[in-house]
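Results of the structural survey
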Amino acid sequence: MKNVKMIIRILALMAVIHAASAFTVRAEPCYPTTPFDVYAMQYFTRINTDILTDPGIHVILAGTGMPWFDPIRNPQCIGVIAGGKFLLFDVGDSALKTLDKLNLPINRIDAVFITHYHSDHTNGLGHLISHTWANHRQQPIRVYGPKGIKKLTKGFAKAAKLDIDIRKNFEAFDSNLAIGVPHEFKYPKDGTPVEIFNENGVVVKAFKNDHYDVEISVGYRIEFAGRLVVISGDTMYADSVVQNATGADLLIHEATNMRMAERTACLAETNIPAPHGPGLASRIRRAISHHIDTLEVAEVAAQAGAGKLVLNHIIPPIPETFSFMGGEFDFTVDFIEGMDAIYTGDIHVAKDGASFYLPPAPENTVSGPCEGPCAP
Ligand SMILES: [Zn+2]
Ligand SMILES: [Zn+2]
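In this report, we go over the structure that sits alongside the text. (Residues numbered from 1 in each chain as written. Chains lettered and ligands numbered in written order. Predicted model: local features only at pLDDT ≥ 70, side-chain atom pairs only at ≥ 80, totals over all residues. Heavy atoms only, no water.)

1. A closer look at the overall build of the protein chain
Within the protein chain, the regular secondary structure consists of 10 helices and 17 strands. Expressed as lengths along the three principal axes of its C-alpha atoms, the size of the protein chain is roughly 100 × 60 × 45 Å. The buried share of the protein chain, taken over its 376 residues, is 46%. Residue pairs at least 24 apart in sequence account for 64% of intrachain contacts in the protein chain once pairs closer than 6 positions are excluded. Carbon and sulfur atoms make up 59% of the accessible area of the protein chain, which amounts to about 19200 Å² in all. Where the 33 positive side-chain charges of the protein chain centre and where its 41 negative ones centre are 14 Å apart. (Helix = DSSP H or I, 4+ residues; strand = E, 2+ residues; numbered from the N terminus. Buried < 20%, exposed > 50% of the residue type's maximum accessible area, 1.4 Å probe, protein only. Contact = heavy atoms within 4.5 Å. Areas by Shrake-Rupley, 256 points an atom, 1.4 Å probe, with all protein chains shown as cover. Lys, Arg positive; Asp, Glu negative; His and termini not counted. Charge placed at Lys NZ, Arg CZ, Asp CG, Glu CD.)

Now the structure itself:
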């Protein structure tokens, strides 16, 4: 009996040793010798952190569409890198992937500024927070926004709880970093800007815009090194946007071509059987009632004396080019038609992945659009 117990103990010990050795990772050195090895090395060493030390402002268009699917535009997100800070303005679906494709250091994103609570501006928040946390982000992500930001951040934290519980048991993750830190601010109703962020010389101010019946909605001013970038947020024509964009080096303004949008509504109503066609037409018309026509955007840019204008939140969706009857059509030409008679500066129709660079004053140039980050 004594011998049997001894044998059982020895077998159990051998089983434990075997199991342990099966999980031992061999620490033998290896070197890139195959094409896959080279790819793997490139994948893990591609992130451009040098961009954080550039002296001017990088503006990255990471999401330039709206809720409907657009072939070259995902929902809203503008990245700004200045003074070692990496800031996002709104964070729609797929924004993080677009930023990662540009080899930007997404684990170093400091803060997100939300303009309002339509989902095309907020749906990527959970992805941003959870993905960068699971990939060892070392600092919390601050989430700035008007009234409602605490509720939004808390909601995403609640949705992430099951994931957080799984991961924190696996590795020494700090679960405090797995949830966004809300910074709720108030803003004057008359459009006067309010400072909500001031670090390393980067100043962010929020101002009220006019998103029709969406009561809580703002645009942002970003000031750094004597340069000014203004993001309108979702808005109709608003004097407050003109005031805040006055003297802007770069104005990123939402834009709807009402003639093209109304044409899509009419085509839906006339050519698609009820209830789908008329339903779609009324949804299009209701959506565009909250936005601004391209010709009015030209008025805003002209009145503000903006140096360069980027049209953002493009409605209706338009492809890069469209092939039809042997011809190639570029609908951006139709989209901006008539604007140059009102605003004589550069006009760019945004698409995801393009970027701009503003060197410090006294330079007054704006480089771009570049494919990926512009060289400083
Ligand atoms: Zn929107
Ligand atoms: Zn909106």
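There is more to say after this.
2. Observations concerning the coordination of the zinc ion (ligand 2)
Within the protein, the zinc ion (ligand 2) binds to His116 (NE2), His118 (ND1), His211 (NE2) and Asp234 (OD); these donor distances fall in the range 2.1 to 2.4 Å. Taken together, the four donor atoms coordinating the zinc ion (ligand 2) and their angles of 93 to 161° define a geometry best described as irregular. Written as a sequence motif, the donor residues of the zinc ion (ligand 2) are H-x1-H-x92-H-x22-D. A gap of 3.4 Å separates the zinc ion (ligand 2) and the zinc ion (ligand 1), which aspartate 234 links by coordinating each metal. Within this pair, whereas histidine 118 is found in the loop between β4 (111–113) and α4 (125–134), its partner histidine 211 is found in the loop between β8 (202–208) and β9 (218–224), the two being separated by 93 residues in sequence. Since its relative accessible area comes to 1%, histidine 211 is described here as buried. (Donors = N, O, S within 2.8 Å, 3.2 Å for Na, K, Ca; no water. Tetrahedral: all angles 85-135°; square planar, octahedral: opposite > 155°, others 65-115°.)

3. Quick word on the packing of α4 against helix α5 (residues 149–170)
Axis separation between α4 and α5 bottoms out at 10 Å; the angle between their running directions is 35°. Seen along the crossing, α4 lies across α5 with a hand that is right-handed. Here α4 contributes Leu125, Gly126, Ser130, Trp133 and Ala134 to the contact with α5, which in turn contributes Leu152, Phe156, Asp163, Ile164 and Arg167. (Axes fitted to C-alpha atoms, helices over the stretch in contact; angles between N-to-C directions. Left-handed = near helix turned anticlockwise from the far one by under 90°.)

4. So, the packing of aromatic side chains
The tally for this structure, following the rule as stated, stands at 13 aromatic pairs. Note on tryptophan 133 and phenylalanine 173: the rings are 5.0 Å apart at their centroids and 45° apart in plane angle, and the pair reads as tilted. One end of the pair, tryptophan 133, is in helix α4; the other, phenylalanine 173, is in the loop between α5 and β6 (181–184), and 40 residues separate them in sequence. Residue class for phenylalanine 173 comes out buried when judged on its relative accessible area of 12%. The cationic tip of lysine 189 hangs over the ring face of tyrosine 187; the distance from NZ or CZ to the ring centre is 4.9 Å. (Phe/Tyr/Trp six-rings, centres within 6.5 Å; stacked < 30°, edge-to-face > 60°. Lys NZ or Arg CZ within 6 Å of the ring centre and 35° of its normal.)

5. Structural notes on helix α9 (residues 294–304)
All of the buried residues along α9 are Thr294, Val297, Ala298, Val300, Ala301 and Ala304. One face of α9 carries all of its buried residues, which in axial projection span an arc of 160°. On its buried face, α9 sits against α6 (239–245), β11 (250–256), α7 (258–271), β12 (308–315) and α10 (332–335). Glycine 305 sits one or two positions beyond α9 and adopts a positive phi of about 65°. (Arc of directions from axis to C-beta.)

6. Considerations on the environment of phenylalanine 331
Residue placement: phenylalanine 331 occurs in the loop between β14 (327–329) and α10. Counting along the chain gives 295 residues from phenylalanine 331 to phenylalanine 36, while the straight-line C-alpha distance between them is 40 Å. Residues contacting phenylalanine 331, with those up to four places away along its chain left out, are Met260, Ile318, Pro319 and Phe322.

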